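Single-letter residue listing:
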Amino acid sequence: MELSSPIVFEPLFMERVWGGRRLESFEGKHLPTSMRIGESWEIVDREEAQSVVHEGPLRGATLHELWTGHREAIFGSGLRPSERFPLLCKLLDAQDRLSVQVHPPSPIAEKLGGQPKTEMWYVMDALLEGSLYAGLKPGVSRETFQQALIEGRVADQIHEMPVKKGDAIFIPSGRIHAIGAGNLIVEVQQNSDTTYRVFDWNRLGSDGRARDLHVEESLSSINFSDIEPQKAEQHGEALVECEHFRVEKWTIDAPRKADIGDRFAIFTVIEGRVACNDREFHPGSFFLVPPVMAHRELMPVDGTARVLRTTIP
């Protein structure tokens, strides 16, 4: 397959009670009118949501069609068997706090009829006094947490950390978490949409009713030994690495090869502008570089740029 440009997909915008209109600030993102958009699903292969190629010789093809029909040519060799593309990449605009939630670990997900989900967050921007919630405070047990649920004191039980632009955190399955108001987040995750809400700040949904909670499922999924996890520390260029994905942060201040070897890479522009072959990408842009383009260069445009580079180990 002859490909001379990175593959770009159409974003899918998701209305959320905690969302806003901040994604409009990104060039090329035209939000539906009169809606609070909380999520932009940038790369997704699910039955209910499907990325479609925006332009070029593959225009109109779905990610699932590429994954099932051209896997080695576009995504590379040696990938683990999977019915669907194994990652889901998003942008999140948290105008308000997200619910306190947890994703089930594999054995528990199977019992509950859900899917496990491990993810990472990168803070593209944060308002003053922005925060993330992850893990529990010292001394919290299942019993004290259940009592806090009854008394409406869940916020007293979870670990809150201040964040700023450029911070990142790893969220493995089983880690209780929430995103604070004012954060603009890049999320890289397993291809799953199973989320159990355990507390929603006593908030009403768009229909005027309290959103459904999944208390028993959450209590079965929470890792109660997960105490005060810390933000990710960058080692070299690596931000987060687990069995599902590796995310690096690159500074592009001179031409640099995509250097993806025999596997694909997903690039997300987080600062500045980047050119690759005949395309220019702005902050908030996601593009997939197939192995055939491994030696193509990323070029900074008008000064230094920064990107996230996501691969599968």
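Predicted model only: the values in this text are computed from it and were never measured.

### Focus: the overall build of the chain
Along its length, the chain carries five helices and 20 strands. For the chain, the C-alpha radius of gyration of 20 Å lies close to 20 Å, the compact-globule estimate for 313 residues. Projected onto its principal axes, the C-alpha coordinates of the chain cover approximately 60 × 40 × 40 Å. Only carbon and sulfur atoms are counted for the fraction: they give 46% of the accessible area of the chain, which is about 13,900 Å². Charge-centre separation for the chain: the mean point of 35 positive side chains lies 1 Å from the mean point of 47 negative side chains.

### Remarks on the side chain of E187
Relative to the helices and strands, E187 resides in strand β12 (residues 183-190). Polar contacts involving the side chain of E187 include one to the side chain of W121, which spans 3.0 Å. Leaving out residues up to four positions away in the same chain, E187 has contacts with L88, C89, K90, L92, E119, M120 and W121.

### Some remarks on the packing of aromatic side chains
In the structure shown here, the tally under the stated rule is eleven aromatic pairs. A connected cluster of aromatic rings, assembled from ring pairs, spans W67, F75, F85 and F264. Lying over the aromatic face of W201, R97 brings its terminal NZ or CZ to 3.7 Å of the ring centre. Directly above the ring of W250 sits R256, whose terminal nitrogen or CZ lies 3.6 Å from the centroid.

### Thoughts on the sheet that holds strand β5 (residues 87-94)
Here we have six strands laid out as an open sheet, ordered β1-β2-β5-β12-β7-β10, and antiparallel in their pairing. The open sheet has two edge strands with one neighbour each: β1 (12-20) and β10 (168-171). The average undirected angle you get between the axes of adjacent strands in this sheet is 25 degrees. Bridge analysis of β5 against β12 gives eight bridges, and the strand direction is antiparallel. Bridge pairing in β12 places C89 opposite V188.

### Describing the environment of A265
Mapping A265 onto the fold places it in strand β17 (residues 265-276). Spatially, the C-alpha atoms of A265 and I179 are 27 Å apart, while their sequence positions differ by 86 residues. Sequence-distant contacts of A265, defined by excluding residues within four places in its chain, comprise I260, F287, L288, V289, R309, T310 and T311.

Reading the values: the criteria
Residues numbered from 1 in each chain as written. Predicted model: local features only at pLDDT ≥ 70, side-chain atom pairs only at ≥ 80, totals over all residues. Heavy atoms only, no water. Helix = DSSP H or I, 4+ residues; strand = E, 2+ residues; numbered from the N terminus. Rg over C-alpha atoms; globule rule 2.2 N^0.38 Å. Areas by Shrake-Rupley, 256 points an atom, 1.4 Å probe, with all protein chains shown as cover. Lys, Arg positive; Asp, Glu negative; His and termini not counted. Charge placed at Lys NZ, Arg CZ, Asp CG, Glu CD. Polar contact = N/O pair within 3.5 Å; in protein donor to acceptor, adjacent residues only side chain to side chain. Contact = heavy atoms within 4.5 Å. Phe/Tyr/Trp six-rings, centres within 6.5 Å; stacked < 30°, edge-to-face > 60°. Lys NZ or Arg CZ within 6 Å of the ring centre and 35° of its normal. Pairing = 2+ DSSP bridges. Axes fitted to C-alpha atoms, helices over the stretch in contact; angles between N-to-C directions.

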